[in-house]
Amino acid sequence: MEQEGRGKRSANQLQGAPVQDQAVRPVTAEQPRIVRSQAKSQVAEKELSEAYRVVVRYENHAVRGLAEPHELGSIEQLLRNDPIYPLDSIRLKLLDSGTVEDVPTRDAKAVFFVKTFDGDLRHRALHFHEHAPVVQGLWVRVYFYDGEMIEGIISNTRDFVLESGFFLRPTDPNGNNTLVYVLKGGLKDFHVLGMRNVPKSPN
């Protein structure tokens, strides 16, 4: 039994050291901000992985941005020259500003669907026939007025003759372009190199 005369202990003394620490330690508000930042980063990464990286190249400049696949169609659908909407313009989330705009394609040289916006300036395009990916269609070589030349596969339909543009799948497996929408107004020359058919499976 405690002797009288020593006085009563304060509330803090009764709580003990660990409880006192908990009572006076400030509560930080940084952690929720970090969690929100991580969530935003994950959403941005998912958006970037699902969207098409697109470069609309004109004679003197280029516009870079992200395009939603559900607004254009799959790569296979585009290669058949069957986009969901006509490509007089293409809706992009611009890389520089983050705003969404309908970018006109009529006066463009071509619309490039790329693996990365950085590219590789040291890469030299490969031009060959035998070892390229097997994609059914016409093997063509196109020359632009600025001197660029691209080889690839186009759909074997009348669209590339009648329409103002056509989709081309480059045959260089190590190149940065996965698909190119070629505007015929920017072409200097066009050569058909051959036909590419998917090999028949043995019976």
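Please refer to the structure placed before this passage.
About the criteria used
- Residues numbered from 1 in each chain as written.
- Predicted model: local features only at pLDDT ≥ 70, side-chain atom pairs only at ≥ 80, totals over all residues.
- Heavy atoms only, no water.
- Helix = DSSP H or I, 4+ residues; strand = E, 2+ residues; numbered from the N terminus.
- Buried < 20%, exposed > 50% of the residue type's maximum accessible area, 1.4 Å probe, protein only.
- Contact = heavy atoms within 4.5 Å.
- Areas by Shrake-Rupley, 256 points an atom, 1.4 Å probe, with all protein chains shown as cover.
- 1 Å grid on protein atoms, 1.4 Å probe; cavity = no way out; pocket = protein on both sides within 12 Å on 5 of 7 lines; lining within 4 Å.
- Points joined across faces, edges and corners; volume = space filled by probe spheres on them.
- Nonpolar A, V, L, I, M, F, W, Y, C, P; charged D, E, K, R; others polar.
- Phe/Tyr/Trp six-rings, centres within 6.5 Å; stacked < 30°, edge-to-face > 60°.
- Lys NZ or Arg CZ within 6 Å of the ring centre and 35° of its normal.
- Polar contact = N/O pair within 3.5 Å; in protein donor to acceptor, adjacent residues only side chain to side chain.
- Core = buried A, V, L, I, M, F, W, Y, C linked by side-chain atoms within 4.5 Å.

A. Spatial organisation of the overall build of the chain. Assigned secondary structure in the chain consists of six helices and 10 strands. Across the 203 residues of the chain, 30% fall into the buried class. Summarising the internal contacts of the chain: among those between residues at least 6 apart in sequence, 56% fall at separations of at least 24. Of the roughly 14200 Å² of accessible surface on the chain, a fraction of 50% belongs to carbon and sulfur atoms.

B. Representation of the layout of surface pockets within the structure. Taken as a whole, the second largest pocket spans an internal volume of roughly 340 Å³. If you go around the second largest pocket, you meet 18 residues; those closest to its centre are L87, E163, S164, G165 and Y181. Partitioned by chemical class, the residues of the lining of the second largest pocket number eight nonpolar, five polar and five charged.

C. Structural detail: the packing of aromatic side chains. Under the definition given, this model contains four aromatic pairs. Summarising the aromatic geometry, the rings of F166 and F190 are spaced 5.8 Å apart at their centres and angled 85° between planes, so their arrangement reads as edge-to-face. In this pair, F166 sits in strand β8 (residues 165–170) while F190 sits in strand β10 (residues 187–196), placing the two residues 24 residues apart along the sequence. By relative accessible area, which is 26% here, F190 ends up partly exposed. Sitting above the plane of the F144 ring, K109 keeps its charged end 4.8 Å from the centroid.

D. Layout of the side chain of E151. Position of E151 among the secondary structure elements: in strand β7 (residues 149–154). Relative accessible area serves as the criterion here: at 5%, E151 is assigned to the buried category. For E151, the side chain forms a polar contact with the side chain of W139, separated by 3.3 Å.

E. Expanded view of the nonpolar core. In this structure, V54, V56, L72, I90, L92, V103 and F113 are the most contacted members of the largest nonpolar core, which totals 22 residues. Those elements that place two or more of their residues in this core are β1 (52–57), β2 (62–67), α5 (75–79), β3 (89–94), β5 (110–114) and β9 (177–183). What L92 contacts, discounting residues up to four positions off in sequence, is V54, V56, V63, G65, L66, A67, T99, V100, E101 and V103. By size, the runner-up hydrophobic cluster in this structure holds 16 residues, among which are L138, V140, V180 and L187.

F. Examining the environment of M149 more closely. Relative to the assigned elements, M149 resides in strand β7. Through-space distance from the C-alpha of M149 to that of K188 is 9.8 Å; in sequence the pair is 39 residues apart.

G. Summary view of the environment of S97. In this structure, S97 sits in the loop between β3 and β4 (100–104). The exposure class assigned to S97 is partly exposed, which follows from its relative accessible area of 47%. Taking the C-alpha atoms as reference, S97 lies 9.4 Å from G65; in sequence the two are 32 residues apart. Within the structure, S97 has its side chain in polar contact with the side chain of T99 (distance 2.8 Å).

H. A look at the environment of Q136. By the secondary structure assignment, Q136 is in the loop between β5 and β6 (137–144). A relative accessible area of 53% means that Q136 is categorised as exposed. Between the C-alpha atoms of Q136 and N156, which are 20 residues apart in sequence, the distance is 8.2 Å.

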